[in-house]
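Chain by chain, the residues run as shown.
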Amino acid sequence: MKEAKSEMSMFQDIPVDVGVIYEGERIRRKDMFVELGGPDVKEKFELARVKKPEEVEDGKITIIGPDIKDMEEGKTYAFGILIEVAGAKLEPELEGVIERRIHAYCNYIEGFMHLNQRYDIWLRLSKKSYQKGLNSFQYIGKVLHRLFKSELPIIEKMQVTFITDAEKVKELYPQALQIYEARDARARGLKDEEVDKFYGCILCQSFAPTHCCVITPQRYSNCGAISWFDARASANIDPKGPIFEIDRGELLDPVKGEYAGVNEAVKKRTLGEITRVWLYTAFGYPHTSCGCFEGVAFYIPEVDGFGIVHRGYKETTVNGLAFSTLADSTAGGRQVDGFHGISIEYMRSPKFLQADGGYKRVVWMPKEVKERVKNFIPADLVDKIATEEDAKTIDELKAFLKARNHPVVEHWKEEVVAVPEAVPAEAAAEAGEEAVPTMVPTITAATLPITAGGYKIILKDAKIYAKRVIIRAVKSEKTEKR
Ligand code: SF4
């Protein structure tokens, strides 16, 4: 979408505006005409396939199931989008990248919102745009066809199929999952250390302006839709596009995953907002999270471990918070200690939370996610990681981890030194505690975690002065952060 003028002439026959300014537009339930896919629909998908030229009729738009004008206001519908493309230079490697552009291009349409990716798509059409005349998928298909062909000239022919018939979506859904899995599997095996280039993606900056994905062979994009191979193919065909090459530069920290070139590129692409990135940890300078992540890894201070929750999980997690609440704490292009947006494919990587202990630090995840990544969890840990069937509360989780002798339990202490606190000598004497005069009444720490009431408060670059330090035996089970 390079020039406003060309946008106007390109979309004269479309009843609403089309342009980058509509990216990031949110449509609330009360303002929507209909919803397509989303959390209330189990089966939904978007898929791009590279086909032979004779298999694609350029510009053809097919609707299987009710069109928008036949839909009931306020309702939610099953949904699938199939984009089939052909072109002499098109490789199947580009399917993931073409597919991810559906997100951006749908969002260019005034009053049409697209969230997430692949099997997780969630779209809404606003009442306003419906009233303006956007009452058929034909219009949306035309916009997609024109945008794809103008932005990616490598596409010579393209046809679009919209599926709103629930039975048909259900029938095609498993095939789509198989295609995603085959694509992901293709990208496994290559190591970060074996390549000179990583790739960055800023496609989601319309929603999170300081977010920049760093896509490496072993750290899949947060949305789970773009592998290192996909990103490489995209940067090759569209070097000025949202996916770009990063010279990874010097490896500054192999455990945390800090690279000089990544720091430099991210700083540039976030206009100085994010200056350092540690790729394999959820602490310190973690990879930022936009909002499209497939799941969240969240730190549970009470057990010094990580819970994982995916977008489709409807119940509250083991710490009493729902996915949406955890996602709010994670999203927005920030680096939030202990709240980390991830893709499911990253959970299959040997680098997964490497600096934090990897699976040795994972204590809870929904059964559905565990099933999907089971073969990638070290065999001796599989039964030690709880699901919702094993633990619904922190107390149940503690009991489970202890019973299974999860590695985090080793780091729990029956007795720990409490965080120094200033207590008047008289009060300490009354409480029968030993007041220990200290020679150095100053605590200085780069990050000082304090756990209270189920929350972890981190004081960065803290300096605490105390008149006295009380060392008190803590009877209850506590943990210390490693
Ligand atoms: S989540 Fe990351 S890789 Fe995926 S589209 Fe957004 S910025 Fe790009």
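Above this text sits the structure in question.
A brief look at the structure comes next. (Residues numbered from 1 in each chain as written. Predicted model: local features only at pLDDT ≥ 70, side-chain atom pairs only at ≥ 80, totals over all residues. Heavy atoms only, no water.)

## Re the site of the ligand
Move 1: Neighbouring the ligand are the residues Arg-100, Cys-201, Leu-203, Cys-204, His-211, Cys-213, Ile-215, Ser-221, Cys-223 and Cys-290.
Move 2: Considered class by class, the residues forming the shell around the ligand number seven nonpolar, two polar and one charged. (Near = heavy atom within 4 Å. Nonpolar A, V, L, I, M, F, W, Y, C, P; charged D, E, K, R; others polar.)

## So, helix α2 (residues 95-107)
Move 1: Under the 1.5 Å per step criterion, the end-to-end length of α2 is 19 Å for 13 residues, consistent within 8% with the ideal 18 Å.
Move 2: Taken across its 13 residues, α2 has 13 buried, putting it largely inside the fold. (Helix = DSSP H or I, 4+ residues; strand = E, 2+ residues; numbered from the N terminus. Expected span 1.5 Å × (residues − 1). Buried < 20%, exposed > 50% of the residue type's maximum accessible area, 1.4 Å probe, protein only.)

## Details of the packing of aromatic side chains
Move 1: Overall, the coordinates contain 17 aromatic pairs when judged by the stated rule.
Move 2: Considering the side-chain rings of Phe-283 and Phe-306, the 5.8 Å spacing of their centres and the 45 degrees angle between planes classify their relative orientation as tilted. Of the two residues, Phe-283 sits in the loop between α7 (260-269) and β14 (295-300) while Phe-306 sits in strand β15 (residues 305-310), which places them 23 residues apart along the sequence.
Move 3: For Phe-283, a relative accessible area of 10% puts it in the buried group.
Move 4: Note on Phe-352 and Tyr-359: the rings are 5.0 Å apart at their centroids and 45 degrees apart in plane angle, and the pair reads as tilted.
Move 5: On the basis of relative accessible area, Phe-352 is assigned to the buried category, the value being 2%.
Move 6: Members of the aromatic cluster, each reached through a chain of ring pairs, are Phe-79, Phe-137 and Phe-162.
Move 7: Here Arg-219 stacks its cationic end above the ring of Tyr-346, 4.6 Å away from the centre of that ring. (Phe/Tyr/Trp six-rings, centres within 6.5 Å; stacked < 30°, edge-to-face > 60°. Lys NZ or Arg CZ within 6 Å of the ring centre and 35° of its normal.)

## Overview of the sheet that holds β15
The pairing of strands in a sheet comes from backbone hydrogen bonds and takes either a parallel or an antiparallel form.
Move 1: Pairing within the open sheet is mixed, and its four strands lie in the order β16-β14-β15-β17. Looking at which strands have only one partner, the edges of the open sheet turn out to be β16 (339-342) and β17 (362-364). Between one strand axis and the next, the sheet turns through 35 degrees on average, direction left out of account.
Move 2: Helix α8 (residues 323-330) contacts β14, β15 and β16 of the sheet and is inclined by roughly 85 degrees relative to β14. (Pairing = 2+ DSSP bridges. Axes fitted to C-alpha atoms, helices over the stretch in contact; angles between N-to-C directions. Contact = heavy atoms within 4.5 Å.)

## Description of helix α10 (residues 394-403)
Move 1: By the burial criterion, the buried members of α10 are Ile-394, Leu-397, Lys-398, Phe-400 and Leu-401. Projected down its long axis, α10 carries its buried residues within an arc of 165 degrees, all on one side. Of the exposed residues in α10, those oriented more than 90 degrees away from the buried face are Asp-395 and Ala-403.
Move 2: Of the surrounding elements, those touching the buried residues of α10 are β14, β17 and β18 (412-413). (Arc of directions from axis to C-beta.)

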